[in-house]
Amino acid sequence: MAKEFLGEFEELVLTLVAVLQEDAYGAAIAEEIETRMKRDVNLSAVHVTLYRLEDKGFLKSGLGGGTAERGGRRKRIYTITNAGLAMLKAIKESRLSLWKLVPQLKIS
Amino acid sequence: MNQSVDKNDIYGWSLRFLQWFCPPHLREEIEGDLIQKFERDVKQFGEKHAKRRLLWNVIRFFRPGILLRNNSTINLTPFYMLTNYFKVAVRFMFRHKTFSAINILGLTMGFTGALLLFIWIAQELSFEQFHTDKDRLYLGWNRSLENGQLVCSETTPRVLAPTLKEDYASIEAAASYAKWGVSHLFTVGDTRLLKTSGVFADASLLNILSFTFLKGDPQKAFADPSSIIITEKFAKQLFGEKEAFGEAVTLSQEDYKFEFTVSGVLKDLPPNTDFKFEYLISFAFLESLGEKDTFWGNNSVTTLVKLKEGYDLTSVNESIKDTEKRHYADGQHIEIFLYPLTKMRLYSRFENGVAVGGRIEVIRMLGILGVCLLAIASINFINLSTARAQRRSKEVAVRKVTGAFRATLIVQFLCEAILMAASAGVISLVFVYLLLPFFNTLISQQLVLDLGNSTLWLSAAAIIFGIGFLAGSYPALYISAFQPVQILKGIGVSSHRSILRNLLVVFQFGFAVTLVVSAIVIGKQITHVQNRDAGYSRNNLIYIPLTGDMPKNFEAFKNELSQSGTSVSITKVSAPITEQWSSTGGIEWQGKNPEDRTDFERIYMDDTPSATFGLQVLSGRDFDLQKFSTDSTAVILNETALRTMGFDNPIGEVIKDNGLEWHVIGVVKDFVFTSPFRKTEPIVVFSGAKLSRAFNVAYIKLNSTKAPQEHLTTLSSLVTKYNPEYPFEYHFADLDYQRKFENIQTTLLITTIFTSVAIFIACLGLLGLATHTAEARVKEIGIRKVMGGSALSITRLLSYASIKPILIAVIIFTPLAWVSINWWLQSFAYRVSLDIWVFVMAALSILVIALITIGTQTIRAANANPVDSLRNE
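Residues numbered from 1 in each chain as written. Chains lettered and ligands numbered in written order. Predicted model: local features only at pLDDT ≥ 70, side-chain atom pairs only at ≥ 80, totals over all residues.

### Considering the overall build of chain A
Of the regular secondary structure elements, chain A holds 4 helices and 2 strands. The order of α-helices and β-strands along chain A, N terminus first, is α-α-α-β-β-α. The proportion of buried residues among the 108 residues of chain A is 30%. Once local pairs closer than 6 in sequence are excluded, the contacts in chain A between residues at least 24 apart make up 46%. (Helix = DSSP H or I, 4+ residues; strand = E, 2+ residues; numbered from the N terminus. Buried ≥ 20, exposed ≤ 12 C-beta atoms within 10 Å, placed from the backbone. Contact = placed C-beta atoms within 7 Å.)

Next up, the structure:
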């Protein structure tokens, strides 16, 4: 299998799915990004990214319960697959190993 | 918040929009997320804001990642079928090569012809459309009452532009523009060029018309009177690769020399403008020489006007109409009005003071021609497809039995039609690209095929697919309606849709007949005018311009030329006899009706005009200034002028022109002045001996003992001797005369080409139909032959059916052809009269062509061995 790469936004969304656990669905992820990362996010972009990650096998999904706040509509809850976790780990490790090669910078 | 969805609410509307485009299996979760987001936004920003954000969020879901998301409801079957349709269509095309070739060839020719015409029309319609503020640009016109008729002319006094600007608040800018065709000699270093392509203009012209400056500032270019603006091409000729801007150039006119500075270089003028020039000189320069033309009676320039924004043409025209009357006591019969610049090219023919059309009529004819070509080609397509329908009947039946809907069959046959049209379209685009340069030379236009222009591609695609669709829809409807049961039982379909088919053939050939009639009549008109007695002899007649030192040295030049035996007779003339120089309605004579404002052509000549031009003197004598010094105030009339003036004994009568008195010394036979297509005008030949600068050219009758070309060397050396500054320039009178036929010859050529194309396409169709009839009736022919029918009788039988619609076409369309060609002929004052033989000839030629086409097929069918056709049953 050719090595899969993740884009920056994909990685972010994947990580958040891992973070949010049972509560990982489109609107919640978008909100998390907005509050935690302080960046504006396009809801449709989150959805499309989730679908793409699911296509790649890093996520799986199932329909969860609806709430009044959602007008009774059910949520699609995403959970990270083992492949997804492995991918995140691999990314983190490769980043760390690269980071170690950076000469120690003094922030003055 | 409750879920009641108000129909006019942005909230409900957004969600319905989402439902419309979102794949169903994603809808619920997305909707949920959107609503959740909305609820939070309401708390944070308020309801109004939140709704707007919701709509924006919904719109952002309209993206391929959502739209095409595992959309299992997209049914791919139609696409599979589409490939199948195309595969079948291509196979069918290759199996019936003749049929496909006829079809595609016909369509290609139709498309090519029509596209060429449409490109031409588009160019004509784009004239002067590139000026910014084109809707506020107008030309000043004169409308004067002459002999009870309102005569309109766009040649106006020089003083009109400044007066309009001065007198009326509605006018933002006004400029005079004059193309007088003066010859100027340009000198830059060693480069010397003689040009007549210059224009005098006011500085404000550059604010009115939008020409692109490569160098220089339109606001400042004419700040200095002795500055000149030249086009890029002319700059290259003068300065080569050197930068022209700011350079000095010497300009000589007759004895004068002026220094000019190039203050602007224009991008070469676009082909779609009637303002054509290579250099612009400011009126301020002319007027700095001391001649400021403020005389209202001198109509010599074009006046361009730019109105201020928000002014309406009718009210402006109402306010300015008395401008000339107020300033000019003799101009009480003249009104001034403005006419839109954008209408000048196509709508500037006036009759009795009202705009009645103009070139647009030609353009409309071209449009009709183009549409008819397309129609003929599509008719071919329809006829051939329906005629061939039975060939497809089994296929249709099988498709229907295996579950095809009628709609899918229609789609199939439409696809085929569009495939045909598209292949013809692609070929014809290539043809148009290759043919355009030739077409341009034919019609002497500069059409450009701008391949980067999306409008061109869109309209070409629209035409091609539109025709494919239109021409394909009838056969598609027809074929898809076949009853499978009957076909599979072996009854087959009758191809008796022949009424429609015949009607279409009638139309095709009717159009062809009309075109043939036009081509014949145009040809006859040309020969008719060619054979017109010009009244003067053009053989060995040559003229040279009187430029530079020539007027000064003329007598010496003339003497030496006649001594050398080159010339028989020389006459100085105000302008070439093939060009109008001056005309007047103000000539007075004894017994003139004061209301009469008949226009007389005014020509100035000196010695022996009748000898030089070979005019036939009916009474009196030629000018002879050597013998009679009084001849400096003499005039010669032509017959028509004599008739207009009504003298019984013309010799010795005195006429008045421009306040001077002239006496008539001779009458000559009528001769063709300017163009042989014009009717004979009354002409007064004035002796210009006493007027300074009356003459611009000298006509030389060469000695006929030698060929004219052999005289040219002597002539050239003498001209250069007496006028060393200027390059030697000469014109043959007969060539100039012949040039008057260029326009009509172009018309003839275009008509002939398109006639041939139309006939060719129509015959292709006929050939296809004849082949089909012969094939369809092959058994019948076999039986007839077995029963003793002769080949001749069978040929007659088969041909008669095919020739009948063509006969009908001839009968219906010849009167129409008569009407249209008669209308065209009306545009010539001197024209051929129509006779019945033209129509008989046209009809016969069409019939013969059609018979030959049909004959090739019917004779073969009639001669075929009946055994071959009857063996299998």
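Back to the write-up after that little detour.
### Structural notes on the overall build of chain B
A tally of helices and strands in chain B yields 28 helices and 28 strands. Classification of the 873 residues of chain B by burial places 37% in the buried group.

### Structural notes on helix α2 (residues 26-37) of chain A
A rise of 1.5 Å per residue sets the reference length of α2(A), with its 12 residues, at 16 Å; its end C-alpha atoms lie 16 Å apart and thus fit the reference within 8%. Considered for burial, the residues of α2(A) that qualify are Gly26(A), Ala27(A), Ile29(A), Ala30(A) and Glu32(A). Here the buried face of α2(A) lies against α1 (8-20) and α3 (43-56) of chain A together with α2 (24-45) of chain B. (Expected span 1.5 Å × (residues − 1).)

### Comments concerning the interface of chain A and chain B
Contacts between the two partners involve 17 residues from chain A, matched on the other side by 18 residues from chain B. Only α2, α3 and β2 (74-80) of chain A provide two or more residues apiece to the side of chain A that touches chain B. Tallying contributions element by element places α3(A) first for the side of chain A that touches chain B, with 5 residues. Broken down by class, the residue content of the side of chain A that touches chain B amounts to 5 nonpolar, 6 polar and 6 charged. (Nonpolar A, V, L, I, M, F, W, Y, C, P; charged D, E, K, R; others polar.)

### Looking at the pairing of strand β24 (residues 654-657) of chain B
Residues and elements named next belong to chain B. Summarising the sheet, strand β20 (residues 588-589) and β24 pair through 2 bridges and their orientation is antiparallel. The residue of β24 that forms the bridge with Glu 588 is Lys 656. Where β24 lies against strand β25 (residues 660-668), 4 bridges are found, and the strand directions are antiparallel. Paired with Lys 656 across the bridge in β25 is Glu 661. Adjacent in sequence and paired antiparallel, β24 and β25 are bridged by 2 residues, among which Asn 658 carries a positive phi angle near 55°. (Pairing = 2+ DSSP bridges.)

### Points about unusual backbone geometry
Residues and elements named next belong to chain A. Phi is positive for Gln 21, close to 55°, though the residue is something other than glycine. Note on placement: Gln 21 falls in the loop between α1 and α2. If you check the backbone angles, Lys 38 has positive phi at about 55° while not being a glycine. By the secondary structure assignment, Lys 38 is in the loop between α2 and α3.

### Comments concerning the confidence of the model for chain B
Residue and element names in this part refer to chain B. Overall, the prediction assigns chain B a mean pLDDT of 85, with 96% of residues at 70 or greater. Model confidence for chain B, summarised as mean pLDDT per element, is weakest for strand β19 (residues 582-584) at 74 and strongest for strand β9 (residues 227-231) at 92. The low-confidence segment residues 1-7 (pLDDT under 50) makes 5 contacts with residues lying over four places distant or belonging to another chain. In the model output, the complex is listed with pTM 0.70 alongside ipTM 0.87. (pLDDT = per-residue confidence, 0-100.)

### Focus on the nonpolar core
Residue and element names in this part refer to chain B. With 91 residues, the main nonpolar core has Leu 373, Ile 376, Ala 512, Val 513, Val 517, Ala 758 and Ile 846 as its most contacted residues. Beyond its immediate sequence surroundings of up to four residues, Ile 846 is in contact with Phe 509, Ala 512, Val 513, Val 516, Ile 806 and Val 810. By size, the runner-up hydrophobic cluster in this structure holds 56 residues, among which are Tyr 138, Leu 206, Phe 222 and Ile 229. (Core = buried A, V, L, I, M, F, W, Y, C linked by C-beta atoms within 7 Å.)

### Some points on helix α27 (residues 836-863) of chain B
The terminal C-alpha atoms of α27(B) lie 39 Å apart, and with 28 residues this matches the ideal 40 Å at 1.5 Å per residue to within 8%. By the largest-angle criterion, Gly855(B) marks the main kink of α27(B), which is about 35°. (Bend = angle between axes of the 7 residues up to and from the residue.)

### Section: the packing of helix α6 (residues 97-125) of chain B against helix α24 (residues 742-776) of chain B
All names here are of chain B. Following both chains from N to C, one finds α6 and α24 inclined at 160°, their axes separated by 10 Å at the closest point. Taken together, the axis directions place α6 and α24 in an arrangement best described as roughly antiparallel. The hand of the α6/α24 crossing is left-handed. Within the contact between the two elements, α6 uses Phe 99, Ile 102, Leu 105, Gly 106, Met 109, Gly 110 and Gly 113 and α24 uses Phe 754, Val 757, Phe 760, Ile 761, Leu 764, Gly 765, Leu 767 and Gly 768. (Axes fitted to C-alpha atoms, helices over the stretch in contact; angles between N-to-C directions. Parallel < 35°, antiparallel > 145°, perpendicular 65-115°, else oblique. Left-handed = near helix turned anticlockwise from the far one by under 90°.)

### Observations regarding the packing of α2(B) against helix α3 (residues 47-61) of chain B
Residue and element names in this part refer to chain B. Packing of α2 against α3 leaves a shortest axis separation of 8 Å and a crossing angle of 150°. The angle between α2 and α3 falls in the class roughly antiparallel. Here α2 and α3 pass one another in a crossing that is right-handed. Contact with α2, carried on its side by Ile 30, Leu 34, Lys 37, Phe 38, Asp 41, Val 42 and Phe 45, involves Glu 47, His 49, Ala 50, Arg 53, Leu 54, Asn 57, Val 58 and Phe 61 of α3 and no other residues of that element. Taken together, the residues of the contact of α2 with α3 sort by class into 9 nonpolar, 2 polar and 4 charged.

### What about the pairing of strand β1 (residues 137-146) of chain B?
Residues and elements named next belong to chain B. Here 4 bridges tie β1 to strand β13 (residues 299-307), and the two strands are oriented antiparallel to one another. When the sheet's bridge partners are listed, Leu 137 is paired in β13 with Lys 306. Alignment of β1 against strand β14 (residues 334-340), held across 7 bridges, turns out to be antiparallel. Within β14, the residue paired with Leu 139 across the bridge is Tyr 339.

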